[in-house]
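Listed below are the residues making up each chain.
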Amino acid sequence: MSKITRRRFLAGSAAGGAALVLTPAQKALASGSFEGFPEGMGVLVDLTRCVGCRTCEAACNNEQNLPEPAKPFDDTSVYDEIHHGQKRRTSDKAYTIVNRYEPKDTDEPLYRKVQCNQL
Ligand code: SF4
């Protein structure tokens, strides 16, 4: 498994950021209600450091006024769930989902966050 260096991560993020062009309507939606950040259009997250705490799921759920999930956000048994042969996916009730994977070449789990733009 190739390791992502901080430099590579930031270079990729910068390249991705340069390609991001939002319409005024998208900017209005993106700024949301993050108190203290009226011009904010997003959050940069280094997922190479993700520990699978699911706090982002809870925060997203709260910010978007979504219903409480069937299992609480501190329940890590959700990482073992398989639905129709797949890990958990985003839905109209969960805009942010983190899944755990266990690569064969390491003992360390790998976490992957999926967000609403991938619905
Ligand atoms: S689960 Fe979410 S909040 Fe927790 S470390 Fe990973 S990205 Fe950050």
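Residues numbered from 1 in each chain as written. Predicted model: local features only at pLDDT ≥ 70, side-chain atom pairs only at ≥ 80, totals over all residues. Heavy atoms only, no water.

### Brief notes about the packing of aromatic side chains
Spelled out, the test is: Between rings of Phe, Tyr and Trp, where Trp is taken as its six-membered ring, a pair exists when centres lie within 6.5 Å; planes separated by under 30 degrees are stacked, by over 60 edge-to-face, and by other angles tilted. Geometrically, a charge over a ring is one whose NZ (Lys) or CZ (Arg) sits within 6 Å of the ring centre while staying within 35 degrees of the ring normal.
Taken as a whole, this structure holds one aromatic pair when the rule is applied. One cation-aromatic arrangement involves Lys87 over Tyr101; the distance from NZ or CZ to the ring centre is 5.2 Å.

### Considerations on the site of the ligand
Just so we agree on the cut-off: When we say a residue is near a molecule or strand, we mean one of its heavy atoms is within 4 Å of it. Amino acids are sorted into nonpolar (Ala, Val, Leu, Ile, Met, Phe, Trp, Tyr, Cys and Pro), charged (Asp, Glu, Lys and Arg) and polar (every other residue, Gly among them).
Taken together, Leu47, Cys50, Val51, Gly52, Cys53, Arg54, Thr55, Cys56 and Val98 form the complete shell of residues around the ligand. A class-by-class count of the residues in the shell around the ligand yields six nonpolar, two polar and one charged.

### A look at the layout of surface pockets
Selection rule: Two kinds of site are reported from a 1 Å grid over the protein atoms alone, namely cavities, where a 1.4 Å probe fits but cannot get out, and pockets, open sets with protein on both sides within 12 Å along at least five of seven lines, and residues are called lining when an atom falls within 4 Å of a point. Grid points are joined across faces, edges and corners, and a volume is the space filled by probe spheres set on the points. Secondary structure elements are taken from DSSP: a helix is a run of H or I of four residues or more, a strand is a run of E of two residues or more, and numbering for both begins at the N terminus.
Its boundaries defined by the atoms lining it, the second largest pocket holds a volume of some 410 Å³. Along the walls of the second largest pocket sit 23 residues, with Pro69, Arg88, Arg89, Ala94 and Ile97 positioned nearest its centre. Of all the secondary-structure elements, those providing two or more residues to the lining of the second largest pocket are helix H3 (55-63) and strand S1 (96-101). Residues of the lining of the second largest pocket, tallied by class, amount to 10 nonpolar, four polar and nine charged.

### A look at the pattern of salt bridges
Condition: Take a side-chain nitrogen of Lys or Arg and a carboxyl oxygen of Asp or Glu: if they are within 4 Å of each other, that pair is a salt bridge. The buried label goes to any residue with under 20% of its type's maximum accessible area, the exposed label to any with over 50%, and the partly exposed label to all in between, with areas taken from a 1.4 Å probe on protein chains only.
In this structure the tally under the stated criterion is six salt bridges. Residue Glu81 pairs with Lys71 through a salt bridge whose shortest N-O separation is 3.1 Å. In this pair, Glu81 is assigned in the loop between H3 and S1 and Lys71 in the loop between H3 and S1, connecting sequence segments 10 residues apart. By relative accessible area, which is 18% here, Glu81 ends up buried. For Lys71, a relative accessible area of 31% corresponds to the partly exposed category.

### A short note on the environment of Cys56
Spelled out, the test is: Note on contacts: a residue pair qualifies if any of its non-hydrogen atoms lie within 4.5 Å across the two residues.
Summarising the element assignment, Cys56 is placed in helix H3. For the pair Cys56 and Ile97, spaced 41 residues apart in the sequence, the C-alpha separation amounts to 8.4 Å. Apart from the residues lying within four places of it in its own chain, the contact partners of Cys56 are Thr96, Val98 and Lys113.

### Concerning the side chain of Arg54
The test is simple: Between N or O atoms, a polar contact is any pair within 3.5 Å; within protein, one atom must be a potential hydrogen donor and the other a potential acceptor, and residues adjacent in sequence are included only when both atoms are from side chains.
Structurally, the position occupied by Arg54 is in the loop between helix H2 (24-31) and H3. Accessibility expressed as a relative area gives 3% for Arg54, which makes it buried. A distance of 2.9 Å separates a polar atom in the side chain of Arg54 from the backbone oxygen of Asp75. Once you skip the residues sitting within four places of it in the chain, Arg54 turns out to touch Pro72, Phe73, Asp74, Asp75, Val78, Tyr79 and Arg88.

### Thoughts on the side chain of Glu81
Reaching out from Glu81, the side chain makes a polar contact with the side chain of His83 at a distance of 3.0 Å. Excluding residues that lie within four positions of it along the chain, Glu81 makes contacts with Lys71, Gln86, Lys87 and Arg88.

### Some points on the environment of Leu110
Examined against the element boundaries, Leu110 turns out to sit in strand S2 (residues 110-115). Counting along the chain gives 58 residues from Leu110 to Gly52, while the straight-line C-alpha distance between them is 8.5 Å.

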